[in-house]
Amino acid sequence: MTNDTKVWPTEIRLSKDKRTLTVTFEDGESFALSAEMLRVLSPSAEVQGHSPDQRQTVPGKKNVGVMQIHPIGNYAVRLEFDDLHSTGIYSWTYLYELGKNHDALWAAYLDELAEKGLDREPKLRH
């Protein structure tokens, strides 16, 4: 993901069910990003680690929702999820690239889950 592209959102809208964040940019591009995708691809150190080999595959987030959106300066938002994850800072560029590369990123995530024997469904607690 590159950080040198200057992209600016014109609208950020969370769906009523809190499961889809739609981001529209100045260039006319608009992306509907699922809360699940945003959560499992969080730019936080908790998910990404401090190097590529530390990156975590996050399972069981199929039903996650976004509780709140917090602006960070004029360059990003911090999303607070209903599983209490709230440390990822989503720059405009990162959101744009998640939208532009949605299909490839999602397919890679699904492949990773399958490789590791993990599932999108949350584990039931007994």
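Whatever comes next refers back to the structure up there.
Please read all numbers here as calculations on a predicted model, not as lab measurements.

*Asks:* Explain the pattern of salt bridges to me, please; I cannot follow it from the model alone.
*Replies:* Once their charged atoms are close, side chains differing in charge can pair, the charge on each being opposite to the other. Overall, the coordinates contain eight salt bridges when judged by the stated rule. Across the pair R120 and E36 runs a salt bridge, and its minimum N-O distance is 2.6 Å. Here E36 lies in helix α1 (residues 35-40) and R120 lies in the segment after α4 (102-115), a separation of 84 residues in the sequence. A residue is classified by how much of its surface remains accessible, and R120, at 26% relative accessible area, is partly exposed.

*Asks:* Whenever I open this one, the packing of aromatic side chains confuses me. Can you help?
*Replies:* Two numbers describe a pair of aromatic rings. These are the distance of the centres and the angle of the planes. Inspection of the entire model under this criterion finds five aromatic pairs. Judged by centre distance (4.9 Å) and plane angle (85°), the rings of F25 and Y96 are edge-to-face. Separated by 71 residues along the polypeptide, F25 in strand β2 (residues 20-25) and Y96 in helix α3 (residues 92-100) bring together distant segments of the chain. F25 gets classed as buried once you look at its relative accessible area, which sits at 2%. Ring pairing ties together the aromatic residues F25, F31 and Y96, which thus form one cluster.

*Asks:* Please clarify how the sheet that holds strand β3 (residues 30-34) should be interpreted in this entry.
*Replies:* Sheets are built from strands that pair by backbone hydrogen bonding, the pairs being arranged parallel or antiparallel. Taken in spatial order, the three strands make up an open sheet running β1-β2-β3, and their pairing is antiparallel. Of all strands in the sheet, those bounded by a partner on one side alone are β1 (9-14) and β3. Within this sheet the neighbouring strands show an average axis-to-axis angle of 15°, counted without direction. Across five bridges, β2 lies against β3 in antiparallel orientation. Counted as the bridge partner of T22 is A32 from β3.

*Asks:* Help me out: how do you make sense of the pairing of strand β5 (residues 76-81) in this one?
*Replies:* Consecutive residues of a regular strand have side chains that alternate between opposite faces of the sheet. Note that strand β4 (residues 66-72) and β5 share six bridges and pair antiparallel. Within β5, the residue paired with I69 across the bridge is L79. As paired elements, β5 and strand β6 (residues 89-91) share three bridges and run antiparallel to each other. For A76, the partnering residue across the bridge sits in β6 and is S91.

Conventions adopted
- Residues numbered from 1 in each chain as written.
- Predicted model: local features only at pLDDT ≥ 70, side-chain atom pairs only at ≥ 80, totals over all residues.
- Heavy atoms only, no water.
- Salt bridge = Lys/Arg side-chain N within 4 Å of Asp/Glu carboxyl O.
- Helix = DSSP H or I, 4+ residues; strand = E, 2+ residues; numbered from the N terminus.
- Buried < 20%, exposed > 50% of the residue type's maximum accessible area, 1.4 Å probe, protein only.
- Phe/Tyr/Trp six-rings, centres within 6.5 Å; stacked < 30°, edge-to-face > 60°.
- Pairing = 2+ DSSP bridges.
- Axes fitted to C-alpha atoms, helices over the stretch in contact; angles between N-to-C directions.

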